Amino acid sequence: MIRKEEPILVLEDVSLFSAERTYLSKIDLKVSSGEFLGILGRSGSGKSTLLRYILDLPFPSSWKKTGRVLFFGKEKKEIPARWIQPVFQDPVLGFNPTWTVEKSLREPLRLFKEEERFASLLEKWNPILDLDGKNRDRLPASFSGGELQRFSLLRALLCEPKILLLDEATSALDPLLNEQVLEALSDLNRKEGTTILWVTHNVRSAKKFCSRTFEILSRADQGVK
Ligand SMILES: Nc1ncnc2c1ncn2[C@@H]1O[C@H](COP(=O)(O)OP(=O)(O)OP(=O)(O)O)[C@@H](O)[C@H]1O
């Protein structure tokens, strides 16, 4: 049973290291449901690595992991996949190159047996993320990085996740669209309580949109502001 009063995400003493170096060192973090948490830190400090650790994605086999990650007090594999939606910086990797963009966007809903909701869910997000009807039958390679980033966000949002994990997921958008998307995500966070973890370099935007920031200061030290 999922206990709603549990923090949505807890990291306990998370470390990741190889024989040569440490990538994450003793990270403790508790995220309550409904937070918009900015994850900050200098380039190479381990922000994307932390997100990959949280998502239980593979690392080189010689690396060692210690600590644990809990969603609602449980391991990730015990939580419905659609509740936890990542969006990565490089959207090309997330699209099957032989599928039209529409097929890729429909696929999660097909797996959840909710494909009939595609149009209504799309209507909610399309004014901002703009999957033009004429574009739907095109393959990913025919879109720009910014367009694919929008479609990656759109696909994650169509899943109605409880927690969105964004790794520089708006970085390829022009400044105006970037701001509009963040406003929309902020709205989603405030009105629907969707928890957001946002890896970003943009300290100014993090201060504007996030309810809290977590900074990876160095591999040996980290802190919450
Ligand atoms: N699979 C891997 N093999 C070797 N080194 C890796 C691997 N993944 C990450 N690293 C190293 O771990 C360090 C942290 O990388 P990470 O991408 O997490 O940093 P970041 O804070 O997200 O940086 P940026 O802000 O520049 O995107 C870097 O030095 C990177 O080279």
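Residues numbered from 1 in each chain as written. Predicted model: local features only at pLDDT ≥ 70, side-chain atom pairs only at ≥ 80, totals over all residues.

Along its length, the chain carries six helices and nine strands. Computed over its C-alpha atoms, the radius of gyration of the chain comes to 18 Å, within 12% of the 17 Å expected for a compact globule of 225 residues. Each principal axis of the C-alpha distribution contributes one length, and for the chain these read about 50 × 40 × 35 Å. Across the 225 residues that make up the chain, the buried fraction comes to 34%. (Helix = DSSP H or I, 4+ residues; strand = E, 2+ residues; numbered from the N terminus. Rg over C-alpha atoms; globule rule 2.2 N^0.38 Å. Buried ≥ 20, exposed ≤ 12 C-beta atoms within 10 Å, placed from the backbone.)

Our next topic: the site of the ligand. Surveying the vicinity of the ligand reveals the residues Tyr23, Gly41, Ser43, Gly44, Ser45, Gly46, Lys47, Ser48, Thr49, Pro60 and His201. Top contributing element to the shell around the ligand by residue count: helix 1 (residues 47–54), with three residues. The residue makeup of the shell around the ligand, split by class, is two nonpolar, eight polar and one charged. (Near = placed C-beta within 6 Å. Nonpolar A, V, L, I, M, F, W, Y, C, P; charged D, E, K, R; others polar.)

Our focus in this paragraph is the pairing of strand 1 (residues 9–17). Where strand 1 meets strand 2 (residues 22–31), six bridges bridge the pair, whose relative direction is antiparallel. Within strand 2, the residue paired with Val10 across the bridge is Lys30. Here seven bridges tie strand 1 to strand 4 (residues 64–71), and the two strands are oriented antiparallel to one another. Pairing of Leu9 across the sheet is with Phe71, part of strand 4. (Pairing = 2+ DSSP bridges.)

So, about the packing of helix 2 (residues 101–111) against helix 4 (residues 145–158). Contact geometry for helix 2 and helix 4: axes closest at 8 Å, N-to-C directions at 25°. Taken together, the axes of helix 2 and helix 4 are roughly parallel relative to one another. Helix 2 and helix 4 meet at a crossing whose hand is right-handed. Between helix 2, through Val101, Ser104, Leu105, Pro108 and Leu109, and helix 4, the contact on the second element is made entirely by Phe151, Leu154, Arg155 and Leu158. By residue class, the composition of the contact of helix 2 with helix 4 is seven nonpolar, one polar and one charged. (Axes fitted to C-alpha atoms, helices over the stretch in contact; angles between N-to-C directions. Parallel < 35°, antiparallel > 145°, perpendicular 65-115°, else oblique. Left-handed = near helix turned anticlockwise from the far one by under 90°. Contact = placed C-beta atoms within 7 Å.)

Next up on the list: the environment of Ser144. The topology assignment puts Ser144 in the loop between helix 3 (118–129) and helix 4. For Ser144 and Leu166, which are 22 residues apart along the polypeptide, the C-alpha to C-alpha distance reads 19 Å.

All right, on to the confidence of the model for the chain then. Note: predicted coordinates in regions of low pLDDT should not be interpreted at a detailed level. Looking at the chain as a whole, its pLDDT mean stands at 90, while 94% of the residues score no less than 70. Across residues 219–225, where pLDDT falls below 50, the model places 15 contacts with residues more than four positions away in sequence or in other chains. Per the prediction output, this complex has pTM 0.90; the corresponding ipTM is 0.96. (pLDDT = per-residue confidence, 0-100.)

The next subject is the pairing of strand 6 (residues 163–167). A large share of strand 6 lies buried, amounting to five of its five residues. Alternating positions in strand 6 separate into two faces, Ile163, Leu165 and Asp167 on one and Leu164 and Leu166 on the other, with burial throughout. With four bridges joining them, strand 5 (residues 84–87) and strand 6 adopt parallel strand pairing. Across the sheet, Gln85 pairs through a bridge with Leu164, a residue of strand 6. Note that strand 6 and strand 7 (residues 195–199) share five bridges and pair parallel. Its bridge partner lying in strand 7, Leu166 is registered against Trp198. In terms of handedness, the path from strand 6 via helix 5 (residues 175–192) over to strand 7 forms a crossover that is right-handed. (Right-handed = clockwise from strand over helix to strand, strands pointing away.)

The next thing to look at is the packing of helix 3 against helix 4. Contact geometry for helix 3 and helix 4: axes closest at 10 Å, N-to-C directions at 155°. Classified by the angle between their axes, helix 3 and helix 4 sit roughly antiparallel to one another. Where helix 3 crosses over helix 4, the two elements pack in a sense that is right-handed. Packed against helix 3, whose contacting residues are Leu121, Leu122, Trp125 and Leu129, the element helix 4 presents Arg150, Leu153, Leu154, Leu157 and Leu158 at the interface.

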